[in-house]
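Remarks on the overall topology
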Amino acid sequence: MPTTIRIAAALLIGADGRTLLVRKRGTQAFMQPGGKIDAGEQPAEALARELYEELNLHIKPSDAVYLGNFSAPAVNEPGFTVQAQLFQVQIDAQVSPAAEIEEVRWIDPAGDGGLVLAPLTRDQILPFYRSSLVITA
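Report follows, based on the coordinates.

Reading the values: the criteria
Residues numbered from 1 in each chain as written. Predicted model: local features only at pLDDT ≥ 70, side-chain atom pairs only at ≥ 80, totals over all residues. Heavy atoms only, no water. Core = buried A, V, L, I, M, F, W, Y, C linked by side-chain atoms within 4.5 Å. Buried < 20%, exposed > 50% of the residue type's maximum accessible area, 1.4 Å probe, protein only. Helix = DSSP H or I, 4+ residues; strand = E, 2+ residues; numbered from the N terminus. Contact = heavy atoms within 4.5 Å. Polar contact = N/O pair within 3.5 Å; in protein donor to acceptor, adjacent residues only side chain to side chain. Expected span 1.5 Å × (residues − 1). Bend = angle between axes of the 7 residues up to and from the residue.

**Things to note about the nonpolar core**
Leu-12, Leu-47, Leu-51, Leu-55, Leu-57, Ile-59 and Val-89 are the most contacted members of the largest nonpolar core, which totals 23 residues. Those elements that place two or more of their residues in this core are strand 1 (4-13), strand 2 (19-24), helix 1 (43-55) and strand 5 (81-90). The element best represented in this core is helix 1, accounting for six residues. If sequence neighbours within four positions are ignored, Ile-59 has contacts with Leu-47, Ala-48, Leu-51 and Val-89. Core analysis: the next-biggest nonpolar cluster, separate from the first, contains 14 residues, Ile-5, Leu-11, Ala-74 and Ile-125 among them.

**Observations concerning the side chain of Thr-19**
One can find Thr-19 in strand 2. A distance of 2.9 Å separates a polar atom in the side chain of Thr-19 from the backbone oxygen of Leu-12. In this structure Thr-19 touches Leu-11, Leu-12, Ile-13, Gln-32, Arg-105, Trp-106, Ile-107, Pro-109 and Leu-126, once residues within four positions along its chain are discounted.

**What about helix 2 (residues 119-133)?**
Taking 1.5 Å as the rise per residue, helix 2 with 15 residues should run 21 Å; its terminal C-alpha atoms sit 21 Å apart, in good agreement. At Ile-125, helix 2 is deflected by roughly 30 degrees, the largest bend along its length, and proline Pro-127 occurs up to four residues later in sequence. Residues of helix 2 that are buried include every one of Pro-119, Leu-120, Thr-121, Ile-125, Leu-126 and Tyr-129, and no others. Looking at the buried positions of helix 2, the neighbouring elements they touch are strand 1, strand 2, strand 4 (65-73), strand 5 and strand 6 (101-107).

**Considerations on unusual backbone geometry**
Phi angles above zero are rare outside glycine, and Asn-56 is one such case at about 55 degrees. Tracing the sequence through the fold places Asn-56 in the loop between helix 1 and strand 4. The exposure class of Asn-56 is partly exposed, given its relative accessible area of 41%. Phi is positive for Ala-99, which is not a glycine, with a value near 50 degrees. Looking at where Ala-99 falls in the secondary structure, it is placed in the loop between strand 5 and strand 6. Here Ala-99 falls in the partly exposed class, since its relative accessible area comes to 46%.

Take a look at the structure:
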């Protein structure tokens, strides 16, 4: 049985530079919004569908800029690895939690917002994003 969960995830960046994290109902860890890629679905299409389902956020797949493939232990499925196709999406819209999302939080990507973070977010995505923000003179 495969132990890899393939997802499309969004590094959602607001107008103020903060990034949006979500927490699923009945869990503690915050993570990037997104979800599983269905059979025959392109990752950017899966992302657009998931953002609409989870946050009532409409994006076009072409709005998502591919950043790379990241993997880490799955926070809510012991023994599984989550493999994320990560996309950066700039938004200037209100979002509201829907479907299985219980809470949304905007945080400064330089820190953790005082939140419990999923390993993928904490160890891979936020450090990757921070390194892209470093301005070299």
